[in-house]
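Understanding the architecture of this molecule
These are the residues of each chain, in order.
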Amino acid sequence: MASRNPARPLSPHLQIWRWGPHMLVSILHRATGSGMATVGTLLLVWWLAALAGGAESYATFRDVFTTEAGHLNVIGLVVAVGLTLSLFQHMMTGIRHLVLDTGAGYELKTNKTYAMATMVASVALTAIFWLVMGLN
Amino acid sequence: MRSAIGRVRGLGSAKEGTHHWWYQRLTAGANLLLMSWLLISIARQSSFDYAAMRMWMESGWVAIPMALLVVSVFYHFRLGLQVVIEDYQHDESRVVLMVLLNFFVIATGAVALFSIMKIALGAAA
Ligand code: HEM
């Protein structure tokens, strides 16, 4: 591990390949997973602990993300849309991974279509989610 | 799940191979169900004030899936971030980051599960 031979040939990396949606969603899967695992985890734990702690600690949590009137403020909007978009994107690319694991979807056209579909679906699901939230 | 040859191959220095991959998939399936449940439950809430949220999570129908969600998602991202660390860190920093990752997932997991239980079991008080 520590003594890596720099002259050793490496497997081809990003700059070798022609760009396509499959590369983008692969990167998005990693970025959204890592983002949710760090930022998302801390927020989930803070929310649960604040709720368990009592009315005062819950109010402190809410005040960071909402206005006096109870709507999301700028921080709340960025976090809420960011996290739901990340979750839906990771969920869709996660399903794509499970499909690819069965050995299906490797033909170039199909693969490209699936990759594009994950992004269309995640944007659509995020929009639907916040539409429903807004209506309540 | 594993053939005889697969088991023998797993006797290399790592003593295992498919375990990590398989648990990443198992938890992915569980996450899919539990996250869908959480998103739908949140979308159906009409109020997010303290009393409404407490009443919501006091129910076993919410506290139990919530605890399962924490276990499944935290296990999943523990496996996932390990792969990310192994891909980018090649020297001693890999060991340091793996230890930090384990501390992080256990500490946050403990706080999350304790909070859920405190709300659910303290319901009568
Ligand atoms: C909603 C349902 C979810 C599904 C279906 C899903 C599916 C998957 C799958 C199949 C993988 C393996 C990808 C591979 O082998 O390359 C994966 C990786 C990962 N997941 Fe998830 N996941 C879900 C939710 C989550 C959540 C909520 C988090 C974080 C809190 C998360 C964090 C990660 C991380 C960090 C990785 C590693 C990424 C990488 O290696 O590039 N996942 N997920």
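Model, not experiment: these values are computed from the prediction.

The next point concerns the UniProt feature "transmembrane region" (unreviewed entry) in chain B. The UniProt record annotates "transmembrane region" (unreviewed entry) at residues 22-43, 55-75 and 95-116 of chain B. The distance from the first to the last C-alpha atom of residues 95-116 of chain B is 32 Å, and the span holds 100% helix and 0% strand.

Residue-level contacts link 38 residues of chain B with 33 residues of chain A. The largest per-residue losses of area from chain B upon contact with chain A belong to Leu39, Tyr50 and His90 of chain B, which jointly make up 19% of the total buried on that side. Inspection of the chain B/chain A interface yields 2 salt bridges. One salt bridge in this structure joins aspartate 101 of chain A and arginine 25 of chain B, with 2.6 Å as the shortest N-O distance.

To continue, consider the packing of helix H3 (residues 74-101) of chain A against helix H2 (residues 18-44) of chain B. Viewed as axis vectors pointing N to C, H3 of chain A and H2 of chain B meet at an angle of 140°, and their least axial separation amounts to 11 Å. In this view, H3 of chain A runs oblique relative to H2 of chain B, as classed from their interaxial angle. In this structure, the crossing between H3 of chain A and H2 of chain B has a hand that is left-handed. Along its contact with H3 of chain A, which presents Leu87, Phe88, Met91, Ile95, His97, Leu98 and Asp101 of chain A, the element H2 of chain B presents Trp21, Arg25, Leu32, Met35, Ser36 and Leu39 of chain B. Among the residues making up the contact of H3 of chain A with H2 of chain B, the classes are represented as 9 nonpolar, 2 polar and 2 charged.

Here we take up a nonpolar patch on the surface. Taken together, Val95, Val96, Leu97, Val99, Leu100 and Phe103 of chain B make up a surface patch of nonpolar side chains, about 540 Å² in accessible area. Within the secondary structure layout, valine 95 of chain B lies in helix H5 (residues 93-121).

Right, let's get into the nonpolar core. Formed by 43 residues in total, the largest nonpolar core has its most connected members in Trp47 and Leu48 of chain A together with Met57 and Phe74 of chain B. The set of elements that each furnish at least two residues to this core consists of helix H1 (21-53), helix H2 (55-65), H3 and helix H4 (108-135) of chain A together with H2, helix H3 (50-58), helix H4 (60-88) and H5 of chain B. With sequence-adjacent residues up to four places away left out, methionine 57 of chain B is seen in contact with Trp47, Leu48 and Leu51 of chain A together with Val62, Ala63, Met66, Ile116, Ile119 and Ala120 of chain B.

With that out of the way, let us pick up H4 of chain A. Counted at 1.5 Å a residue, the expected span for H4 of chain A with its 28 residues is 40 Å, and the 41 Å between its end C-alpha atoms agrees. Taken together, the buried positions of H4 of chain A are occupied by Asn111, Ala115, Thr118, Met119, Ser122, Thr126, Phe129 and Met133 of chain A.

What follows concerns the site of the ligand. Residues in contact with the ligand amount to 23 residues; listed here are only the nearest, His29, Arg30 and His90 of chain A together with Arg25 and His76 of chain B. Histidine 29 of chain A is positioned such that a nitrogen or oxygen atom in its side chain is 3.3 Å from a nitrogen atom of the ligand. Here an oxygen atom of the ligand sits 3.0 Å away from a polar atom, N or O, in the side chain of arginine 25 of chain B. Of all the secondary structure elements, the ones that give two or more residues to the shell around the ligand are H1 and H3 of chain A together with H2 and H4 of chain B. Along the lines of polarity and charge, the residues of the shell around the ligand split into 11 nonpolar, 10 polar and 2 charged.

Let's shift gears to the coordination of the iron atom of the ligand. The protein atoms that coordinate the iron atom of the ligand are His90 of chain A (NE2) and His76 of chain B (NE2), at distances of 2.0 Å. Between the 6 donor atoms coordinating the iron atom of the ligand, the angles at the centre fall across 85 to 179°, so the site counts as octahedral. Residue histidine 90 of chain A is found in helix H3, and its partner histidine 76 of chain B is found in helix H4; the two belong to separate chains. Each member of the pair histidine 90 of chain A and histidine 76 of chain B is classed as buried.

Calculation criteria
Residues numbered from 1 in each chain as written. Chains lettered and ligands numbered in written order. Predicted model: local features only at pLDDT ≥ 70, side-chain atom pairs only at ≥ 80, totals over all residues. Heavy atoms only, no water. UniProt positions renumbered as here; feature names shortened; annotations may be inferred. Helix = DSSP H or I, 4+ residues; strand = E, 2+ residues; numbered from the N terminus. Contact = heavy atoms within 4.5 Å. Buried area = accessible area lost by both parts, 1.4 Å probe. Salt bridge = Lys/Arg side-chain N within 4 Å of Asp/Glu carboxyl O. Axes fitted to C-alpha atoms, helices over the stretch in contact; angles between N-to-C directions. Parallel < 35°, antiparallel > 145°, perpendicular 65-115°, else oblique. Left-handed = near helix turned anticlockwise from the far one by under 90°. Nonpolar A, V, L, I, M, F, W, Y, C, P; charged D, E, K, R; others polar. Patch = residues over 30% accessible without salt bridge, like charges linked within 9 Å, V, L, I, M, F, W, Y side chains within 5 Å. Areas by Shrake-Rupley, 256 points an atom, 1.4 Å probe, with all protein chains shown as cover. Core = buried A, V, L, I, M, F, W, Y, C linked by side-chain atoms within 4.5 Å. Buried < 20%, exposed > 50% of the residue type's maximum accessible area, 1.4 Å probe, protein only. Expected span 1.5 Å × (residues − 1). Near = heavy atom within 4 Å. Polar contact = N/O pair within 3.5 Å; in protein donor to acceptor, adjacent residues only side chain to side chain. Donors = N, O, S within 2.8 Å, 3.2 Å for Na, K, Ca; no water. Tetrahedral: all angles 85-135°; square planar, octahedral: opposite > 155°, others 65-115°.

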